[in-house]
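Coordinate analysis (summary)
So the chains spell out like this:
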Amino acid sequence: MARLASFLLLSLLCFFPLCLCDKSYGGKLFPGYYSHSCPQASEIVRSVVAKAVARETRMAASLLRLHFHDCFVQGCDGSLLLDSGGRIVSEKNSNPNSKSARGFDVVDQIKAELERQCPGIVSCADVLTLAARDSSVLTGGPSWVVPLGRRDSRSASLSGSNNNIPAPNNTFSTILSKFNRQGLDVTDLVALSGSHTIGFSRCTSFRQRLYNQSGNGRPDMTLEQSFAANLRQRCPRSGGDQILSVLDIVSAARFDNSYFKNLIENKGLLNSDQVLFSSNEKSRELVKKYAEDQGEFFEQFAESMIKMGNISPLTGSSGEIRKNCRKINS
């Protein structure tokens, strides 16, 4: 209760651009950043995201993933949204994003409406951050106060995208190391992984677990056998790379804590999911805690999302406010 009260107090205080918020969020990010220049910004984002999720529930997971993949490369600066052109080599072509990152059209719709109502004011980086929060809420997950004021990068990093974003077949230590490099700890890792309670993954991302986990032609023995048998029916040994399976077999369209219950039953889809329970004592205890207490998970997820959203933002005169999220201003 004490931690919850502290978190709520900080959230309330950060509705106002006080020094406390600047210090807490590291820079000049605060929730009221657009209160005078574009007071309708959050509602514009929420409205477009709500329509997109109503059309396709999967879009909520896709928008959350965009925010995560953006923040882990150069910080939360909208670099992921840039198309290749001129000196820009797009992060969309990286191994973690190619043929899987989606939702760019929804971001385009949001940005177009923001430019119509508040031209040149709201950054693409902030659009991603707000859309991630709204995606959680619209699927039944937690809400949080979003510090704003990020600016957009004028560069992208294909190598950063390939190297910084955890891969589905990474070991626990590799995944945690990649989180640590972003200033995130094991609690953030487990809580943020809980976003896999919604959405899908491609066959190519978990095939190794089904047929050749350790390079010896044998499956991952930590995978529950009946679950593995069902997955093999959908994901063949070769071909079918783009075939989708749900990340949470219990409630793939609802943001809840069933993801953690699945891990305890050895029914995590990705290796990067299951190692949270099988490979580390501290992460295992966190999985158990969140499986038992959805409120605890929601509270920590919100805190960790705020923390991730504050990774190396561009503020002040750094970067720019793009008119089109897909290209830098000329």
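All values derive from a computational prediction rather than experimental measurement. (Residues numbered from 1 in each chain as written. Predicted model: local features only at pLDDT ≥ 70, side-chain atom pairs only at ≥ 80, totals over all residues. Heavy atoms only, no water.)

1. Topic: the pattern of salt bridges
For clarity, the threshold we go by: Within this document, salt bridges are pairs made up of a side-chain nitrogen of Lys or Arg and a carboxyl oxygen of Asp or Glu, the two lying within 4 Å of each other. Helical segments are the DSSP runs of H or I of at least four residues, strand segments are the runs of E of at least two, and each set is numbered from the N terminus. The classification of residues rests on relative accessible area computed with a 1.4 Å probe and restricted to protein chains. Under 20% of the type maximum is buried, over 50% is exposed, and intermediate values are partly exposed.
Throughout the structure, instances matching the rule amount to 18 salt bridges. As a salt-bridge pair, Glu113 and Arg116 come within 2.7 Å of each other at their nearest N and O atoms. Highlighted residues: Glu113 and Arg116, both in helix α5 (residues 104-117), separated by three residues, approximately one helical turn. Residue Glu113 is classed as partly exposed on the basis of its relative accessible area of 23%. On the basis of relative accessible area, Arg116 is assigned to the exposed category, the value being 60%. One continuous salt-bridge network, built from bridges that share partners, spans Asp83, Lys92, Asp108 and Arg326.

2. A short note on the packing of aromatic side chains
Here is the rule: Any Phe, Tyr or Trp ring, taking Trp's six-membered ring, that has another such ring centre within 6.5 Å forms a pair; planes under 30 degrees apart are called stacked, those over 60 apart edge-to-face, and the others tilted. Criterion for a charge above a ring: Arg CZ or Lys NZ at most 6 Å from the ring centre, at most 35 degrees from the ring normal.
Tallied over the full model, the rule gives 15 aromatic pairs. Seen in terms of ring centroids, Phe255 and Phe297 are 5.8 Å apart; in terms of plane orientation they differ by 5 degrees. Their pairing is stacked. With Phe255 in the loop between β2 (244-246) and α12 (258-264) and Phe297 in helix α15 (residues 294-309), the pair connects residues that are 42 residues apart, well separated along the chain. Members of the aromatic cluster, each reached through a chain of ring pairs, are Trp144, Phe255, Tyr259, Phe260, Tyr290, Phe297, Phe298 and Phe301. Its end group placed over the ring of Phe104, Lys92 keeps NZ or CZ at 4.3 Å from the ring centre. Above the plane of the ring of Phe277 lies Arg284, whose end atom (NZ or CZ) is 6.0 Å from the centre.

3. Focus on the UniProt feature "site: Transition state stabilizer" (unreviewed entry) in the chain
How we decide: UniProt positions are given in the numbering used here, feature names are shortened, and annotations may be inferred rather than shown by experiment. The criterion used for residue contact is that any of the two residues' heavy atoms lie within 4.5 Å.
Per the UniProt record, the feature "site: Transition state stabilizer" (unreviewed entry) sits at Arg65. By the secondary structure assignment, Arg65 is in helix α4 (residues 58-71). Ignoring sequence-local partners within four residues, the contact set of Arg65 consists of Pro96, Ser100 and Ala101.

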